[in-house]
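Breakdown of the fold
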Amino acid sequence: MPNLKWFAAVGTAAVVTMVMVPAQQAASAPSNAAPNGVSAATTLYYDDSRAGGWEAAIAAGVATWNANVTNVKLVKAPSGTRAQIRIIATTGWPQASLGPVRPGGQGWVELGSQAVDQGYDKTRIAAHEIGHNLGLPDNKPGPCSKLMSGSSAGIGCRNPVPDAAERSRVESAYGGRPAAQAPSDGRVMVDAP
Ligand SMILES: [Zn+2]
């Protein structure tokens, strides 16, 4: 009875597969706490679905932040899910709410085309405004080496990378235990020159 033997073999394989899949999911489930009891990196989701034309600049700005700090991680929100950082495109000057945005809270960023029309770099603008949501105020006037010097560094400045002091301030804002973290500031930072 060759057919029965074949069915038996397939049945065995199917059972093995069904057992293996949940086991792999369990093994890769993310942990909420580091072994030392201090909370692991805070993940903040951002929504750029209303930031048409800025997607590449936002992605580059986000990548810069993710490459330069470890206590907070920015992730594009899957469609239909709640984002802590809402990013929209406007025709005005770039502006943002001052964080640090927390997982239970919400901040916003407006990427204004008026700054682009004046010649300012889009990736630096996006990284700068996201910096506000991460708790960094403006630092103007300032050199191009500082991300939060914003427009004061001139239109020739294309640096989207926070300097050591800016990185340190964000790491502090998201480091330690959540109960000890400062609440979001909420002030509006307008980046008109
Ligand atoms: Zn600013």
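To start, this report covers the structure provided alongside it. Computed from a prediction, not measured in an experiment: that's the story for all the values here. (Residues numbered from 1 in each chain as written. Predicted model: local features only at pLDDT ≥ 70, side-chain atom pairs only at ≥ 80, totals over all residues. Heavy atoms only, no water.)

Moving on, we come to helix α5 (residues 164-174). Buried within α5 we find Glu166, Val170, Glu171, Ala173 and Tyr174. The buried residues of α5 occupy an angular sector of 160° when projected down its axis, which confines them to one face. Away from the buried face of α5 by more than 90 degrees, exposed residues Ala164 and Ser172 are located. The elements touched by buried residues of α5 are β1 (42-50), α2 (55-68), β2 (72-76) and α4 (122-133). Where α5 begins, the side chain of Asp163 points an oxygen toward the backbone nitrogen of Ala165, at a separation of 3.2 Å. In the stretch just after α5, Gly176 is the one whose phi turns positive, near 75°. (Buried < 20%, exposed > 50% of the residue type's maximum accessible area, 1.4 Å probe, protein only. Helix = DSSP H or I, 4+ residues; strand = E, 2+ residues; numbered from the N terminus. Arc of directions from axis to C-beta. Contact = heavy atoms within 4.5 Å. Polar contact = N/O pair within 3.5 Å; in protein donor to acceptor, adjacent residues only side chain to side chain.)

What follows covers the pairing of β2. Looking down a regular strand, the side chains alternate between one sheet face and the other. When β1 meets β2, the two strands line up parallel, connected through five bridges. Within β2, the position partnered with Leu44 by the bridge is Leu74. In this view, the connection linking β1 to its parallel neighbour β2 by way of α2 has right-handed handedness. (Pairing = 2+ DSSP bridges. Right-handed = clockwise from strand over helix to strand, strands pointing away.)

Of all hydrophobic cores here, the largest spans 31 residues; its most connected members are Ile58, Trp65, Leu74 and Leu134. Those elements that place two or more of their residues in this core are β1, α2, β2, β3 (85-90), β5 (107-112), α4 and α5. Not counting chain neighbours up to four residues away, the residues in contact with Leu134 comprise Leu44, Trp65, Val72, Leu74, Pro100, Val170, Ala173 and Tyr174. (Core = buried A, V, L, I, M, F, W, Y, C linked by side-chain atoms within 4.5 Å.)

Let's shift gears to the sheet that holds β5. Spatial ordering of the open sheet is given by β2-β1-β3-β5-β4-β6, a layout of six strands whose pairing is mixed. Where the open sheet ends on each side, the last strands, each with one partner, are β2 and β6 (188-190). With direction set aside, neighbouring strand axes in the sheet form an average angle of 20°. This element, α4, spans β2, β3, β4 (95-97), β5 and β6 of the sheet and lies at about 160° to β5. (Axes fitted to C-alpha atoms, helices over the stretch in contact; angles between N-to-C directions.)

Bringing the pattern of salt bridges into the picture now. Counting across every chain of the model gives six salt bridges. Close ionic contact of Asp138 with Lys140 constitutes a salt bridge, the shortest N to O distance being 3.9 Å. Residue Asp138 is classed as partly exposed on the basis of its relative accessible area, which comes to 26%. The closest approach of N and O atoms between Asp191 and Lys140, which form a salt bridge, is 2.6 Å. On the criterion of sequence distance, the pair formed by Asp191 in the segment after β6 and Lys140 in the loop between α4 and α5 is long-range, its members being 51 residues apart. Look at the salt bridges and you will find they share partners, linking Asp138, Lys140 and Asp191 into a network. (Salt bridge = Lys/Arg side-chain N within 4 Å of Asp/Glu carboxyl O.)

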